[in-house]
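Working through the structure, step by step
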Amino acid sequence: MKALFVGGTGTISMAIVKRLINELGWEVWLINRGNRNSELPDGVKQIICDINDEEKVNKELEGMEFDVIGEFIGFTVDQVERDYRLFKGKTKQYIYISSASAYNKPAANYIITEGTTLANPHWEYSRNKIACEEFLMKKYREEGFPVTIVRPSHTYDERNVPLGVHGKKGFYQVIKRMMEGKPVIIQGDGTSLWTATFNKDFAIGYTGLMGNRHAIGEAFQITGDETLTWNQIYQTIADALGVELKAYHVASEYLSAVGDKFGYDFEGSLTGDKSVSVVFDNSKLKRVVPDMRTTVRFDQGVRIALDYVLSHPECQIEDPEFDAWCDKVIDVLEETKKNF
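Residues numbered from 1 in each chain as written. Predicted model: local features only at pLDDT ≥ 70, side-chain atom pairs only at ≥ 80, totals over all residues. Heavy atoms only, no water.

Section: the side chain of Thr207
- Counting through the fold element by element, Thr207 comes out in helix H6 (residues 199–209).
- Residue Thr207 is classed as buried on the basis of its relative accessible area of 8%.
- Within the structure, the side chain of Thr207 is placed 3.3 Å from the backbone oxygen of Ile204, a separation counted as a polar contact.
- Each residue touching Thr207, except ones within four places of it in the same chain, is listed here: Ile16, Arg19, Leu20 and Leu24. (Helix = DSSP H or I, 4+ residues; strand = E, 2+ residues; numbered from the N terminus. Buried < 20%, exposed > 50% of the residue type's maximum accessible area, 1.4 Å probe, protein only. Polar contact = N/O pair within 3.5 Å; in protein donor to acceptor, adjacent residues only side chain to side chain. Contact = heavy atoms within 4.5 Å.)

Put into C-alpha coordinates, the structure is as follows:
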(Lines give C-alpha, C1' and ligand atoms only; values in the text may rest on other atoms or scores of the structure.)
Protein backbone atom coordinates (compact mmCIF):
# COMPACT_ATOMS: atom_id res chain seq x y z
CA MET A 1 0.00 0.00 0.00
CA LYS A 2 1.23 3.45 -0.92
CA ALA A 3 0.47 6.78 0.80
CA LEU A 4 1.33 10.42 0.19
CA PHE A 5 1.05 12.97 2.99
CA VAL A 6 0.98 16.73 2.63
CA GLY A 7 3.06 17.71 5.65
CA GLY A 8 3.88 14.55 7.54
CA THR A 9 6.23 15.83 10.25
CA GLY A 10 3.81 17.44 12.72
CA THR A 11 2.50 16.26 16.08
CA ILE A 12 -0.24 14.12 14.54
CA SER A 13 1.32 13.10 11.27
CA MET A 14 4.74 12.04 12.58
CA ALA A 15 3.18 9.28 14.69
CA ILE A 16 1.17 8.09 11.69
CA VAL A 17 4.25 7.98 9.45
CA LYS A 18 6.21 6.01 12.06
CA ARG A 19 3.38 3.51 12.54
CA LEU A 20 2.96 2.98 8.80
CA ILE A 21 6.70 2.43 8.23
CA ASN A 22 7.67 0.57 11.39
CA GLU A 23 4.58 -1.55 12.02
CA LEU A 24 2.34 -1.76 8.96
CA GLY A 25 4.76 -1.92 6.03
CA TRP A 26 3.36 0.90 3.90
CA GLU A 27 5.30 2.83 1.29
CA VAL A 28 5.15 6.42 2.51
CA TRP A 29 5.81 9.61 0.55
CA LEU A 30 5.84 13.11 2.01
CA ILE A 31 5.50 16.40 0.20
CA ASN A 32 6.73 19.32 2.30
CA ARG A 33 9.54 21.82 2.71
CA GLY A 34 11.91 19.38 4.42
CA ASN A 35 11.52 20.36 8.08
CA ARG A 36 12.26 17.76 10.82
CA ASN A 37 13.75 15.36 8.27
CA SER A 38 16.15 13.92 10.84
CA GLU A 39 13.28 12.49 12.89
CA LEU A 40 11.68 10.55 10.05
CA PRO A 41 12.05 6.76 10.04
CA ASP A 42 14.21 5.11 7.41
CA GLY A 43 12.39 4.38 4.20
CA VAL A 44 10.27 7.53 3.95
CA LYS A 45 10.40 9.06 0.48
CA GLN A 46 10.24 12.84 0.19
CA ILE A 47 9.30 15.39 -2.40
CA ILE A 48 10.78 18.68 -1.21
CA CYS A 49 8.74 21.55 -2.57
CA ASP A 50 6.03 24.08 -1.75
CA ILE A 51 2.62 22.43 -2.11
CA ASN A 52 1.30 25.78 -3.40
CA ASP A 53 3.56 25.53 -6.46
CA GLU A 54 1.02 23.50 -8.40
CA GLU A 55 3.04 23.34 -11.60
CA LYS A 56 6.03 21.84 -9.80
CA VAL A 57 3.89 19.45 -7.75
CA ASN A 58 2.12 18.22 -10.87
CA LYS A 59 5.48 17.59 -12.48
CA GLU A 60 6.80 15.72 -9.43
CA LEU A 61 3.69 13.52 -9.24
CA GLU A 62 3.41 12.82 -12.96
CA GLY A 63 2.49 9.18 -13.51
CA MET A 64 2.14 8.44 -9.79
CA GLU A 65 -0.94 7.05 -8.04
CA PHE A 66 -1.60 6.42 -4.35
CA ASP A 67 -3.92 4.33 -2.25
CA VAL A 68 -4.24 7.21 0.21
CA ILE A 69 -3.37 10.91 0.18
CA GLY A 70 -3.56 12.65 3.56
CA GLU A 71 -3.76 16.42 4.06
CA PHE A 72 -2.44 17.62 7.43
CA ILE A 73 -1.83 21.33 6.78
CA GLY A 74 -4.98 22.41 4.93
CA PHE A 75 -6.68 25.22 6.85
CA THR A 76 -8.66 27.20 4.25
CA VAL A 77 -10.95 26.41 1.33
CA ASP A 78 -8.45 27.60 -1.28
CA GLN A 79 -6.00 24.99 0.02
CA VAL A 80 -8.41 22.06 -0.34
CA GLU A 81 -9.50 23.38 -3.73
CA ARG A 82 -5.82 23.20 -4.70
CA ASP A 83 -5.65 19.63 -3.40
CA TYR A 84 -8.71 18.68 -5.42
CA ARG A 85 -7.06 19.97 -8.57
CA LEU A 86 -3.77 18.23 -7.80
CA PHE A 87 -5.00 14.87 -6.56
CA LYS A 88 -8.23 14.13 -8.41
CA GLY A 89 -7.68 10.82 -10.21
CA LYS A 90 -4.40 10.13 -8.36
CA THR A 91 -5.77 8.48 -5.22
CA LYS A 92 -8.35 5.98 -4.02
CA GLN A 93 -8.84 7.96 -0.80
CA TYR A 94 -8.19 11.54 0.31
CA ILE A 95 -8.16 12.01 4.09
CA TYR A 96 -8.62 15.56 5.36
CA ILE A 97 -7.68 16.58 8.89
CA SER A 98 -10.42 18.88 10.15
CA SER A 99 -10.95 19.68 13.85
CA ALA A 100 -13.28 18.75 16.68
CA SER A 101 -13.41 22.48 17.44
CA ALA A 102 -15.74 22.68 14.42
CA TYR A 103 -18.56 21.26 16.54
CA ASN A 104 -21.14 23.75 17.78
CA LYS A 105 -20.00 25.68 20.87
CA PRO A 106 -21.76 25.08 23.12
CA ALA A 107 -23.32 21.95 21.68
CA ALA A 108 -26.84 20.94 22.64
CA ASN A 109 -25.36 17.87 24.34
CA TYR A 110 -21.92 17.56 25.91
CA ILE A 111 -21.62 14.06 24.41
CA ILE A 112 -20.18 14.67 20.96
CA THR A 113 -20.78 12.41 17.97
CA GLU A 114 -20.04 12.90 14.28
CA GLY A 115 -23.67 14.01 13.95
CA THR A 116 -23.24 16.96 16.30
CA THR A 117 -23.91 20.23 14.47
CA LEU A 118 -20.91 22.02 12.99
CA ALA A 119 -20.91 25.70 13.96
CA ASN A 120 -18.42 27.83 15.88
CA PRO A 121 -19.14 31.57 16.05
CA HIS A 122 -16.12 32.16 18.29
CA TRP A 123 -13.22 30.90 16.18
CA GLU A 124 -12.37 31.64 12.55
CA TYR A 125 -10.02 28.65 12.47
CA SER A 126 -12.96 26.33 13.13
CA ARG A 127 -15.24 28.06 10.63
CA ASN A 128 -12.57 27.64 7.96
CA LYS A 129 -12.35 23.92 8.76
CA ILE A 130 -16.14 23.63 8.39
CA ALA A 131 -15.96 25.35 5.00
CA CYS A 132 -13.23 22.92 3.90
CA GLU A 133 -15.37 19.96 4.94
CA GLU A 134 -18.35 21.33 3.03
CA PHE A 135 -16.34 21.79 -0.16
CA LEU A 136 -14.89 18.28 0.00
CA MET A 137 -18.19 16.57 0.80
CA LYS A 138 -19.83 18.43 -2.09
CA LYS A 139 -17.16 17.00 -4.41
CA TYR A 140 -17.83 13.54 -2.97
CA ARG A 141 -21.59 13.80 -3.47
CA GLU A 142 -21.42 15.28 -6.95
CA GLU A 143 -18.33 13.60 -8.41
CA GLY A 144 -17.41 10.72 -6.14
CA PHE A 145 -14.18 12.34 -4.94
CA PRO A 146 -13.10 9.75 -2.32
CA VAL A 147 -12.86 11.93 0.78
CA THR A 148 -12.69 10.91 4.43
CA ILE A 149 -12.97 13.61 7.10
CA VAL A 150 -11.04 13.20 10.38
CA ARG A 151 -11.72 15.45 13.37
CA PRO A 152 -8.99 15.38 16.04
CA SER A 153 -9.38 17.14 19.35
CA HIS A 154 -6.40 18.00 21.59
CA THR A 155 -3.60 15.71 20.40
CA TYR A 156 -0.11 15.91 21.90
CA ASP A 157 3.25 14.14 21.75
CA GLU A 158 6.50 13.95 23.71
CA ARG A 159 7.31 17.55 22.77
CA ASN A 160 4.06 19.05 24.06
CA VAL A 161 2.16 19.32 27.34
CA PRO A 162 -1.60 19.97 26.95
CA LEU A 163 -2.76 23.19 28.61
CA GLY A 164 -5.77 25.48 28.45
CA VAL A 165 -4.13 28.91 28.89
CA HIS A 166 -0.69 29.65 27.46
CA GLY A 167 1.09 32.32 25.44
CA LYS A 168 2.20 32.60 21.84
CA LYS A 169 5.37 30.56 22.45
CA GLY A 170 3.57 27.50 23.74
CA PHE A 171 3.28 25.61 26.99
CA TYR A 172 6.73 25.80 28.58
CA GLN A 173 6.32 29.10 30.43
CA VAL A 174 3.39 27.60 32.35
CA ILE A 175 5.53 24.60 33.29
CA LYS A 176 8.25 27.00 34.41
CA ARG A 177 5.75 28.91 36.57
CA MET A 178 4.73 25.64 38.21
CA MET A 179 8.34 24.72 38.94
CA GLU A 180 8.97 28.21 40.36
CA GLY A 181 5.99 27.92 42.71
CA LYS A 182 4.00 30.64 40.95
CA PRO A 183 0.22 30.52 40.42
CA VAL A 184 -0.97 29.31 37.02
CA ILE A 185 -4.16 30.47 35.35
CA ILE A 186 -6.89 27.89 34.64
CA GLN A 187 -9.92 28.96 32.66
CA GLY A 188 -13.27 29.07 34.46
CA ASP A 189 -13.52 27.03 37.64
CA GLY A 190 -11.54 24.19 36.10
CA THR A 191 -14.42 21.70 36.22
CA SER A 192 -15.24 21.56 32.50
CA LEU A 193 -14.43 18.23 30.84
CA TRP A 194 -11.70 17.68 28.27
CA THR A 195 -9.92 14.94 26.36
CA ALA A 196 -6.22 14.93 25.48
CA THR A 197 -4.99 12.20 23.15
CA PHE A 198 -1.41 10.98 22.81
CA ASN A 199 -0.37 10.98 19.16
CA LYS A 200 0.51 7.26 19.10
CA ASP A 201 -3.09 6.45 20.04
CA PHE A 202 -4.44 8.83 17.41
CA ALA A 203 -2.32 7.02 14.83
CA ILE A 204 -4.11 3.75 15.57
CA GLY A 205 -7.43 5.26 14.56
CA TYR A 206 -6.11 7.14 11.55
CA THR A 207 -4.20 4.24 10.02
CA GLY A 208 -7.23 2.03 10.53
CA LEU A 209 -9.21 4.35 8.26
CA MET A 210 -6.57 4.25 5.53
CA GLY A 211 -7.64 2.11 2.61
CA ASN A 212 -10.87 1.29 4.46
CA ARG A 213 -13.81 1.35 2.05
CA HIS A 214 -16.22 1.99 4.93
CA ALA A 215 -14.51 5.35 5.54
CA ILE A 216 -15.17 6.89 2.11
CA GLY A 217 -17.65 9.76 2.24
CA GLU A 218 -17.70 9.68 6.04
CA ALA A 219 -16.47 11.81 8.94
CA PHE A 220 -14.80 10.38 12.05
CA GLN A 221 -13.59 11.95 15.27
CA ILE A 222 -10.45 10.39 16.69
CA THR A 223 -9.74 10.89 20.40
CA GLY A 224 -8.79 8.84 23.39
CA ASP A 225 -11.41 7.53 25.80
CA GLU A 226 -10.12 9.23 28.96
CA THR A 227 -12.00 12.36 30.02
CA LEU A 228 -10.64 14.69 32.73
CA THR A 229 -11.53 18.07 34.19
CA TRP A 230 -9.04 20.86 33.60
CA ASN A 231 -8.29 20.87 37.32
CA GLN A 232 -7.35 17.19 37.04
CA ILE A 233 -5.22 17.89 33.96
CA TYR A 234 -3.22 20.62 35.71
CA GLN A 235 -2.95 18.57 38.91
CA THR A 236 -1.62 15.61 36.94
CA ILE A 237 1.05 17.85 35.40
CA ALA A 238 2.02 19.24 38.82
CA ASP A 239 2.18 15.73 40.27
CA ALA A 240 4.49 14.63 37.45
CA LEU A 241 6.72 17.63 38.19
CA GLY A 242 6.63 16.91 41.93
CA VAL A 243 5.38 20.40 42.77
CA GLU A 244 2.36 21.96 44.44
CA LEU A 245 -0.31 23.18 42.02
CA LYS A 246 -1.21 26.79 42.75
CA ALA A 247 -4.28 27.12 40.57
CA TYR A 248 -5.73 30.54 39.86
CA HIS A 249 -9.15 30.36 38.23
CA VAL A 250 -10.22 33.13 35.86
CA ALA A 251 -13.41 33.39 33.80
CA SER A 252 -12.87 32.70 30.11
CA GLU A 253 -14.75 35.86 29.16
CA TYR A 254 -12.35 37.91 31.27
CA LEU A 255 -9.32 36.20 29.75
CA SER A 256 -10.66 36.91 26.27
CA ALA A 257 -11.19 40.58 27.07
CA VAL A 258 -7.80 41.24 28.68
CA GLY A 259 -5.89 38.95 26.34
CA ASP A 260 -7.09 40.42 23.07
CA LYS A 261 -4.93 43.57 23.25
CA PHE A 262 -1.86 41.35 23.69
CA GLY A 263 -2.73 39.19 20.70
CA TYR A 264 -4.00 36.18 22.70
CA ASP A 265 -7.06 34.72 20.98
CA PHE A 266 -8.72 33.25 24.04
CA GLU A 267 -12.20 33.76 22.63
CA GLY A 268 -11.33 31.22 19.95
CA SER A 269 -9.20 28.78 21.91
CA LEU A 270 -11.25 28.93 25.13
CA THR A 271 -14.84 30.08 24.51
CA GLY A 272 -14.76 28.42 21.11
CA ASP A 273 -13.12 25.22 22.33
CA LYS A 274 -11.43 24.38 25.63
CA SER A 275 -13.86 26.04 28.05
CA VAL A 276 -16.75 23.88 26.85
CA SER A 277 -17.27 20.43 28.36
CA VAL A 278 -17.03 17.72 25.73
CA VAL A 279 -17.08 13.94 25.94
CA PHE A 280 -16.43 12.19 22.65
CA ASP A 281 -18.45 9.15 21.65
CA ASN A 282 -16.05 7.19 19.43
CA SER A 283 -18.36 4.28 18.72
CA LYS A 284 -18.58 5.08 15.00
CA LEU A 285 -14.79 4.95 14.65
CA LYS A 286 -14.53 1.73 16.66
CA ARG A 287 -17.09 0.00 14.47
CA VAL A 288 -14.89 0.71 11.45
CA VAL A 289 -11.52 0.39 13.25
CA PRO A 290 -11.90 -2.30 15.94
CA ASP A 291 -8.23 -1.88 16.96
CA MET A 292 -8.80 1.70 18.16
CA ARG A 293 -8.00 1.98 21.84
CA THR A 294 -6.30 4.19 24.42
CA THR A 295 -2.86 2.80 25.23
CA VAL A 296 -1.32 5.90 26.86
CA ARG A 297 -3.22 7.33 29.84
CA PHE A 298 -2.86 11.05 30.43
CA ASP A 299 -0.67 10.63 33.51
CA GLN A 300 1.63 8.41 31.44
CA GLY A 301 1.67 10.74 28.44
CA VAL A 302 2.46 13.77 30.59
CA ARG A 303 5.44 12.03 32.16
CA ILE A 304 6.72 11.03 28.72
CA ALA A 305 6.38 14.64 27.55
CA LEU A 306 7.95 16.22 30.63
CA ASP A 307 10.86 13.77 30.63
CA TYR A 308 11.57 14.70 27.02
CA VAL A 309 11.07 18.46 27.37
CA LEU A 310 13.11 18.82 30.55
CA SER A 311 16.00 16.88 28.99
CA HIS A 312 15.93 18.83 25.70
CA PRO A 313 16.77 22.53 26.17
CA GLU A 314 15.54 23.37 22.67
CA CYS A 315 12.01 22.56 23.86
CA GLN A 316 12.26 24.94 26.82
CA ILE A 317 11.04 28.07 25.07
CA GLU A 318 10.51 30.81 27.61
CA ASP A 319 7.89 33.53 27.18
CA PRO A 320 8.59 36.50 29.49
CA GLU A 321 5.76 38.54 27.95
CA PHE A 322 3.16 35.89 28.82
CA ASP A 323 4.71 35.41 32.26
CA ALA A 324 4.31 39.14 32.97
CA TRP A 325 0.78 39.09 31.58
CA CYS A 326 -0.20 36.29 33.98
CA ASP A 327 1.25 38.18 36.93
CA LYS A 328 -0.65 41.32 35.92
CA VAL A 329 -3.98 39.52 35.50
CA ILE A 330 -3.61 37.90 38.92
CA ASP A 331 -2.48 41.15 40.59
CA VAL A 332 -5.39 43.13 39.12
CA LEU A 333 -7.95 40.55 40.22
CA GLU A 334 -6.47 40.33 43.72
CA GLU A 335 -6.52 44.12 44.01
CA THR A 336 -10.14 44.16 42.89
CA LYS A 337 -11.02 41.70 45.64
CA LYS A 338 -9.41 43.96 48.23
CA ASN A 339 -11.11 47.13 47.00
CA PHE A 340 -14.60 45.74 46.40
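Observations regarding helix H12 (residues 320–339)
- Taking 1.5 Å per residue as the helical rise, H12 with its 20 residues ought to reach 28 Å, and the 28 Å between its terminal C-alpha atoms agrees with that figure.
- Residues Phe322, Asp323, Trp325, Cys326, Val329, Ile330 and Leu333 constitute the buried set of H12. In a view along the axis of H12, the buried residues occupy a sector of 165°, so they form one face of it. Away from its buried face, by an angle of more than 90 degrees, H12 presents the exposed residues Pro320, Lys328, Asp331, Lys338 and Asn339.
- Turning to H12, the residues buried within the fold contact helix H5 (172–179), strand E9 (184–187), strand E14 (247–250), helix H8 (252–259) and helix H9 (266–274). (Expected span 1.5 Å × (residues − 1). Arc of directions from axis to C-beta.)

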